[in-house]
Amino acid sequence: MEPEGGLGPVSLPKEKFETRRLPLMPIRDVVIFPFMMTPFVVGRESSVRALEEALAGDKRIYLATQHDPGVDEPKPDEIYQVGCIVNIVQSLKMPDGNIKVLVEGIERARITQVSEADGFYTASVRISRTLPELTPQLEATMQKVSSLFEQYVKLCQSLNQETIAATVRLDDVGRLSDTIAANLQLSIEEKQELLELFDPGERLSRVSDVLDIEIEKLNMDRTIQSRVKRQMERAQKEYYLNEKIKAIQKELGRGEKSEFDELKKKIDAAGMPADVLEKAIQELKKLEAMPPMSAESTVSRNYLEWLLAVPWKKKSKEIRDIDFAEKTLNEDHYGLEKIKERILEFLAVRQLVKNPKGSILCLVGPPGVGKTSLGMSIAKATGRKFVRMSLGGVRDEAEIRGHRRTYIGAQPGQIIQMMKKAGTRNPVFMLDEVDKMSNDFRGDPSSALLEVLDPEQNFMFVDHYMDVEYDLSQVFFIATANVLHTIPAPLQDRMEVLRLHGYTEPEKLEIARQYLLKKQLEQAGLTPENIQFEDGAVKGIIRNYTREAGVRNLEREIGNVCRKVSRCVVREGAQYSSTITADNLADYLGVAKFHDMAASEKSEIGLVTGLAWTEVGGCILTTEVAIVDGKGKLTLTGKLGDVMQESAQAAMSYLRSRWQRLGVPRDFYRNVDIHVHVPEGAIPKDGPSAGITIATAIASALSKIPVRRDICMTGEITLRGKVLPIGGLKEKLLAAHRAGIMEAVLPQENQRDLVELPENLRQEMKLHFVDSMDEVLHIALEEPLPDAEVSGALTALPPAAAETEAEARQ
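Attention here is on the structure that accompanies the text. This is a predicted model, so every value here is computed, not measured. (Residues numbered from 1 in each chain as written. Predicted model: local features only at pLDDT ≥ 70, side-chain atom pairs only at ≥ 80, totals over all residues. Heavy atoms only, no water.)

What follows covers the environment of Ile-215. Take Ile-215: it is sitting in helix H6 (residues 200-251). Owing to a relative accessible area of 7%, Ile-215 belongs among the buried residues under this scheme. (Helix = DSSP H or I, 4+ residues; strand = E, 2+ residues; numbered from the N terminus. Buried < 20%, exposed > 50% of the residue type's maximum accessible area, 1.4 Å probe, protein only.)

In structure tokens form, the structure reads like this:
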């Protein structure tokens, strides 16, 4: 047979067995090998009794290592089964009752049975003696192991040289392997594994493998230590030279005002809180101990500079004069009464409360209505610094909270950077386009803003780079957005939402007079003598060249006129003068881009003007219906969304239940196809507010009665013909007013929103508030619907019966 260990074929070893019964003593944190002299102290009562039993006999005792050294009284199953029979060479009883013993390992044995008597364990152990025949292969392995052990000792440098010299001269296979195993620096588990190998040849082979691994580890450790030593020597050399440079500078009189002294003075003067001050001083001490040219010193220096750059105690002296603030806001912006009232309320509270928390407002409205410029006016009215951070397209959470200093090129987030730019603790901080943030694998910036915009949390805002608490509670945060539905609900909950609606024509005219004309004249280099705008010209621009909720395009068109006049001034001289009127406006701006189609065209069958709300304000939306021969198919086109398609289906089901009222046969839908189309098909449209518009258009097409073109409508429809309320009423009516439509049909429940409408809209427009679809048809159709009698052979049913039958068919 071939034994394990790769020693080649040898003669079958002679194996002898013997069984003995000996006192058992569990030991911990050590494995006893045969031929090994080991001193240790015995303290456990059971171990002392076992030792006394052995001393009373032949001084032989069985030692086995316990699994867990933390167990004081191990049970038999918590002790390794293979241990060593030892001879007690010396024993000395100490004053504290413990016994100090010196034992010598004799031979390994395996426990076969354990019994307990007189307070200690007695074990029956089986001794297995294997005597392998010495072969050339075994001798070669012994020489290899002896050589490896000599290398191990040279690398380890912690073993007794005399022991080693005696070990390598051994010619007994078992004794050589056990002596080397006892002197290896291995774990208890690895030593126990070697002890449990009874075959000397197999044990020697395993010791050879272990030596190879340990020598490789020691070589690697020596290489690392050598490298570390060289680096330490280099660092010590640099430190010595730096200290020498410092000493030379001190002798030259330059040492007292060193860079570190300047940093220390700045830290003391910064007014940092106690915990931040402590961190800054620690960082300064670390910087002093670092070599000046090292990468770590650059990181530490940048961090200290950021700590010093952020305002910790400096505050703007706040203007709390309400009259001055009101005057400033009125000078910069026309209208916006609700917003101005809120700012004045804020200032009034500041006068009455010593340390109020910072306000967090969210201005929501279409583009061009003055959200961003309003933030600048608030800063001006309150005497605070103004900083602005654009959040459009931001998708990285680190933009808000910064990067950790462990990254190369790390820096604070935009919040801290803007506070540094402001230079004070209480600026007006504008978060522009907060509705246009997104998120990806780098994090969600809107979630990071939750801490910034929460008055209960932002007094201890922690930037990842700064890694200290920073107080944002004195900051006046103003967020701006075009829409609310893209802002997460938790973020909306932390802000006070103020809506800015679109401007009416009189408001735009006043804004142009007070602000836009002066601004554009100045930018074009003109004087009031060079150009005069009549009100009719400004109204012409508003009506025929712009269709918007704000005034950006109005300002742009005024600028176009001014530039053309500037060209004439350059050609003809500074005395050139021009008056812009409604009649000559087309000479400057070309053909009108928009006109009031809805008010001028005649009424038609199946054509209705509806009202819609978009991100840029309200607009009018025409709906067309065509009836053709077919099989009852309802076709919807114009890139309509799911909600709008469902509104059309609800309108169709309602009209099918009202076949008598429309004067059509009960099964009219079986023989015709109905096509509903909303023009401008490339633009997506959605929402429920077109329900009554679609229903009116289909009713007109079925009854052959034209719809009034001087009226518009908006409202959601139910299967029972009820008209439900809608949102964006002001913007929609402003759009109708711009288009020249002065009559509108609205849901009854929206009557409460009249208070938000400008006075001129309430005076100039005729508003019909309705509860049911029957009222809508009565107002919108040019002629009344036919009576309940229906021509033809069909028998008329009562309205309730007709509704029931229609619902059953659906």
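Together, Arg-563, Lys-564, Arg-567 and Arg-571 give the surface a local cluster of positive charge. Mapped onto the fold, Arg-563 is located in helix H19 (residues 552-572). (Patch = residues over 30% accessible without salt bridge, like charges linked within 9 Å, V, L, I, M, F, W, Y side chains within 5 Å. Areas by Shrake-Rupley, 256 points an atom, 1.4 Å probe, with all protein chains shown as cover. Salt bridge = Lys/Arg side-chain N within 4 Å of Asp/Glu carboxyl O. Lys, Arg positive; Asp, Glu negative; His and termini not counted. Charge placed at Lys NZ, Arg CZ, Asp CG, Glu CD.)

The relative placement of two packed helices comes down to the angle between their axes together with the axis-to-axis distance. Running from amino to carboxyl end, helix H22 (residues 642-657) crosses helix H24 (residues 691-703) at an angle of 45 degrees, the nearest separation of the two axes being 9 Å. With respect to their mutual orientation, H22 and H24 come out oblique. Note that H22 runs across H24; the crossing there is right-handed. Contacts between H22 and H24 involve Met-644, Ser-647, Ala-648, Ala-651, Met-652 and Leu-655 from the former and Gly-691, Ile-694, Ala-695, Ile-698 and Ala-699 from the latter. For the contact of H22 with H24, the class distribution of residues is 9 nonpolar, 2 polar and no charged. (Axes fitted to C-alpha atoms, helices over the stretch in contact; angles between N-to-C directions. Parallel < 35°, antiparallel > 145°, perpendicular 65-115°, else oblique. Left-handed = near helix turned anticlockwise from the far one by under 90°. Contact = heavy atoms within 4.5 Å. Nonpolar A, V, L, I, M, F, W, Y, C, P; charged D, E, K, R; others polar.)

Right, let's talk about the sheet that holds strand S12 (residues 476-481) for a bit. One open sheet accounts for 5 strands, arranged S8-S9-S12-S7-S13; its pairing is parallel. Edge positions in the open sheet fall to strand S8 (386-390) and strand S13 (496-499), since each of these has one partner strand only. On average, each strand axis in the sheet is tilted by 20 degrees relative to the strand beside it, whichever way the strands run. Of the strand pairs in this sheet, strand S7 (residues 360-364) and S12 are connected by 5 bridges, and their pairing is parallel. Among the inter-strand pairings, Ile-360 is bridged to a residue of S12, identified as Phe-477. (Pairing = 2+ DSSP bridges.)

Phi is mostly negative for residues that are not glycine, and the peptide bonds are mostly trans. For Asp-118, which is not glycine, the phi dihedral falls at a positive 60 degrees. Overall, Asp-118 belongs to the exposed group, its relative accessible area being 65%. A positive phi angle, near 60 degrees, is found at Lys-704, a position not held by glycine. When you line up the elements, Lys-704 lands in the loop between H24 and strand S20 (712-713). Given a relative accessible area of 56%, Lys-704 falls into the exposed group.

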